[in-house]
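Structural features, examined
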Amino acid sequence: MTDTRRRVKVYTLNEERQWDDRGTGHVSSGYVERLKGMSLLVRAESDGSLLLESKINPNTAYQKQQDTLIVWSEAENYDLALSFQEKAGCDEIWEKICQVQGKDPSVDITQELVDESEEERFDDMSSPGLELPPCELSRLEEVAELVASSLPSPLRREKLALAVENEGYIKKLLELFHVCEDLENHEGLHHLYEIIKGIFLLNRTALFEVMFSEECIMDVIGCLEFDPSLPQPRRHREFLTKTAKFKEVIPISDPELKQKIHQTYRVQYIQDMVLPTPSVFEENMLSTLHSFIFFNKVEIVGMLQDDEKFLTDLFAQLTDEATDDDKRHELVNFLKEFCAFSQTLQPQNRDAFFKTLSNMGILPALEVILVRGMDDPQVRSAATDIFSYLVEYNPSMVREFVMQESQQNDDDILLINLIIEHMICDTDPELGGAVQLMGLLRTLVDPENMLATANKTEKSEFLSFFYKHCMHVLSAPLLANTTDEKPSKDDFQTSQLLALILELLTFCVEHHTYHIKNYIINKDILRRVLVLMASRHAFLALCALRFMRKIIGLKDEFYNRYIMRNFLFEPVVKAFLNNGSRYNLMNSAIIEMFEYIRVEDMKSLTAHVVENYWKALEDVDYVQTFKGLKLRYEQQRERQDHPKLDSMRSILRNHRYRRDARTLEDEEEMWFNTDEDDLEDGEAIVPPSDKMKSDEDLMDPISKFMERRKFKNPEKYVLFSLQGGLVGLVDYPDDDDDEEDDDEDDSENRDESPPLSKKSKLSS
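Residues numbered from 1 in each chain as written. Predicted model: local features only at pLDDT ≥ 70, side-chain atom pairs only at ≥ 80, totals over all residues. Heavy atoms only, no water.

**Quick word on the overall build of the protein**
- Per the secondary structure count, the protein includes 37 helices and 9 strands.
- When the 764 residues of the protein are sorted by exposure, 46% land in the buried category.
- Within the structure as shown, the protein displays about 40,400 Å² of accessible surface, and the carbon and sulfur contribution to it stands at 48%. (Helix = DSSP H or I, 4+ residues; strand = E, 2+ residues; numbered from the N terminus. Buried < 20%, exposed > 50% of the residue type's maximum accessible area, 1.4 Å probe, protein only. Areas by Shrake-Rupley, 256 points an atom, 1.4 Å probe, with all protein chains shown as cover.)

Written as structure tokens, this is what we have:
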């Protein structure tokens, strides 16, 4: 059986002054040859790997905190902590450390901090201790001055902390607080504020344990109410005792857990509300206070997580139909706070936490919460927060649950459809909840975080499920609002909701390939979306345009045929014309879409736009986009009218002269491609019927090309004419064409006419 006394968690303090969990293992002490001394060793309980190997340095200050923590610094800004499962294990290792350093195990810190100057070191030799004035009303000012003067020096700070601890000075000060408050001695109360604030900055766990004890903590808060910089004292105690109420929605049987919850709440309140915002120099002096709260939270979550009866009762009451609304409201808020509390945990602890909640049935319980609390905004908000914690933790767990429940439940009560309904029914004018839920839905349908194994592909399974059972719920508001030529409801809140839905649909177009394609084409979604181009809200019209632009950007002929068959450019052109000469985002976005079609040479869309909308767009001359589209269209018609010309170009590209059969000469490539590139500069093709060229004109570019190349064997090239008088040049390389150094006799004996088979190929 594993020795639980030696079971520890290893923590390191990061740059943000937060403790990072480095793993759980078992600690031991022993001599390490490499380090030349006694060392602390922690081996991981999972695989036995070494989590920590730290030499017990005779000069390092080790601190024991809260009976189960040992904290120390190994280098500047590198703090370590061991959190023991049992006090006995902590005491055992503490004795080993004290034995190496020659210290009494009864102390809570093994070394005094020695960051003092030479003068302070000399003072330390002459006065080994610090003597506190008697704790009397008349000496409070003297005590306050002593505390203030000790804070800048680490050595004096340590001496002051030891003196306050050894003399039980805190309780004496709190007794004087009662006297001053009864006598309304404001001067004394102001001095006590400065003293107690200074004791916090001593950053010592032993003092915190006294101040945060059940009998002292409220008096400490009382002392901090009398800030001399404020005209009136604060009323923190009144808030904590009368306003802040501890609601025990599920009875907690463990008194230690209950006390720990009270203590943590009050200490957190002190840190956040009572203590003044620390200066840059004071911030590091409160690191022990941060650690105190952090480890308390870890302990609370662990104790609740291990209490199976507590969690069983919680989820039983949440799902019980007999539970009244007020009680369910309290249970939901507790579960939300419980999940929020877990965010302070390290990843390993958080994994264990959510696995426990999953095993207890948090997702079915959340389904009940959503059904029962549909009309309660606070319950909806809490349910949204709980759902967000679960999706952020493990979206695959949520996806697996909703696919399994679809085999038993109707679509209306599926968890993911309930989430969509909550998004659609958000009553917030700014749709804050809907925006949050849309982000969560996007995470769930994002293929990037879906798993794929040899036996199972989560992406295909979940997307098939989503488009079959959920997509109709998501698109329902869009379809209901676009039955006419204009949106049936065009108020701001409806437009915001439709913009959110379009944002998710646009994401689906980009990431879901055939699932969303089938849905858009079968349900005629794009036509319905483009109705929103007529909205009086520019942001919604732009969302609709962005949706279409994303579809066109895929360059998918299925989408293109769907767009042309239904004349879906018409709403876009109409919106462009209605926008007039205004230079705004709508104008730029529409022009960019047509420019993309031109640049990418999308032939079918180019022809469709010019043939159907050229008359409406021909007067737009402040950009060359539409004239460029017309030019593209004319080039396409030219090729269609003269298919042999196009085939000739293909032949020319396939039979070009080459010195090496494996490479393509750059100059040839430029020459053969000049037809399209030059035309893009605005030079239109003139058909042969409109403008006849002389043979000399037609021969000119070929002659120049022949001269530029300076061919050795020009007889290898054949000039031929096609209909319309155009002349072409074809290269028929010999089998020995790569052999450029053949002797002259071979070239003279070569057959000057090309083989018949090649002539046949040309004539065909």
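**Quick look at helix 6 (residues 186-200)**
- When the terminal C-alpha atoms of helix 6 are compared, their 21 Å separation across 15 residues agrees well with the 21 Å that a helix rising 1.5 Å per residue should span.
- Buried residues along helix 6 sit in contact with helix 3 (140-150), helix 4 (154-166), helix 5 (169-183), helix 7 (205-211), helix 8 (217-223) and helix 10 (255-274). (Expected span 1.5 Å × (residues − 1). Contact = heavy atoms within 4.5 Å.)

**Examining the pairing of strand 7 (residues 78-84)**
- Across the 7 residues that make up strand 7, a large majority, 6, are buried.
- Looking at chain direction, strand 1 (residues 7-13) and strand 7 are connected through 5 bridges and run antiparallel. Bridge pairing in strand 7 links Val 10 to Leu 82. (Pairing = 2+ DSSP bridges.)

**Things to note about the confidence of the model for the protein**
- Confidence in the prediction of the protein, expressed as mean pLDDT, is 80, and 79% of residues score 70 or more.
- Low confidence marks residues 114-127, where pLDDT is under 50. Its contacts with residues over four positions away, or in another chain, come to 8 contacts.
- pLDDT under 50 marks residues 656-699. Its contacts with residues more than four places away, or in other chains, come to 60 contacts. (pLDDT = per-residue confidence, 0-100.)

**Overview of a nonpolar patch on the surface**
- A cluster of nonpolar side chains, contributed by Tyr 31, Met 38 and Val 100, occupies part of the molecular surface with about 270 Å² of accessible area.
- Topologically, Val 100 is positioned in helix 1 (residues 87-101). (Patch = residues over 30% accessible without salt bridge, like charges linked within 9 Å, V, L, I, M, F, W, Y side chains within 5 Å. Salt bridge = Lys/Arg side-chain N within 4 Å of Asp/Glu carboxyl O.)

**Examining the packing of aromatic side chains**
- Going through the model one piece at a time under the given rule, you end up with 24 aromatic pairs.
- With centroids separated by 5.1 Å and ring planes inclined at 75 degrees, the aromatic side chains of Phe 294 and Phe 295 adopt a geometry described as edge-to-face. The pair formed by Phe 294 and Phe 295 is uniform in burial state, with each residue classed as buried.
- On the basis of an interplanar angle of 75 degrees and a centroid distance of 4.9 Å, the ring pair of Phe 338 and Phe 353 is categorised as edge-to-face. Here Phe 353 lies in helix 15 (residues 347-360) and Phe 338 lies in helix 14 (residues 325-341), a separation of 15 residues in the sequence. The burial state of Phe 338 is the same as that of Phe 353; both residues are buried.
- Feature note: the residues Phe 310, Phe 334, Phe 338, Phe 353, Phe 354 and Tyr 393 constitute an aromatic cluster, connected by ring pairs.
- Above the ring of Phe 462, the side-chain terminus of Arg 399 is found at 5.8 Å from the ring centroid.
- One Lys or Arg, Arg 561, reaches over the ring of Phe 558 and ends 5.1 Å from the middle of that ring. (Phe/Tyr/Trp six-rings, centres within 6.5 Å; stacked < 30°, edge-to-face > 60°. Lys NZ or Arg CZ within 6 Å of the ring centre and 35° of its normal.)

**Regarding the side chain of Ser 388**
- Relative to the helices and strands, Ser 388 resides in helix 17 (residues 377-393).
- With relative accessibility at 6%, the residue Ser 388 sits in the buried group.
- Those residues within four positions of Ser 388 in sequence are excluded, and the remaining contacts are Gln 436 and Leu 440.

**Here's the deal with the packing of helix 23 (residues 492-511) against helix 26 (residues 538-553)**
- Across the interface, helix 23 lies against helix 26 with an axial gap of 9 Å and an inter-helix angle of 15 degrees. Viewed along their axes, helix 23 and helix 26 adopt a mutual orientation that is roughly parallel. Both helix 23 and helix 26 take part in a crossing whose hand is left-handed. Here Phe 492, Ser 495, Gln 496, Leu 498, Ala 499, Leu 502, Leu 505, Thr 506, Val 509 and Glu 510 of helix 23 lie close against helix 26, whose contacting residues are Phe 539, Leu 540, Cys 543, Ala 544, Arg 546, Phe 547, Lys 550 and Ile 551.
- Partitioning the contact of helix 23 with helix 26 into residue classes produces 12 nonpolar, 3 polar and 3 charged. (Axes fitted to C-alpha atoms, helices over the stretch in contact; angles between N-to-C directions. Parallel < 35°, antiparallel > 145°, perpendicular 65-115°, else oblique. Left-handed = near helix turned anticlockwise from the far one by under 90°. Nonpolar A, V, L, I, M, F, W, Y, C, P; charged D, E, K, R; others polar.)

**Remarks on helix 10**
- Taking 1.5 Å of rise per residue, the 20 residues of helix 10 would be expected to cover 28 Å, and the 27 Å separating its terminal C-alpha atoms lies within 8% of that figure.
- Those residues of helix 10 that sit buried are Leu 257, Lys 260, Ile 261, Gln 263, Thr 264, Arg 266, Val 267, Tyr 269, Ile 270 and Val 274.
- On the buried face of helix 10, the contacting elements are helix 6, helix 8, helix 9 (236-243) and helix 12 (287-306).
- Capping the start of helix 10, Asp 254 holds a side-chain oxygen 3.0 Å from the backbone nitrogen of Glu 256, two or three residues further along. (Polar contact = N/O pair within 3.5 Å; in protein donor to acceptor, adjacent residues only side chain to side chain.)

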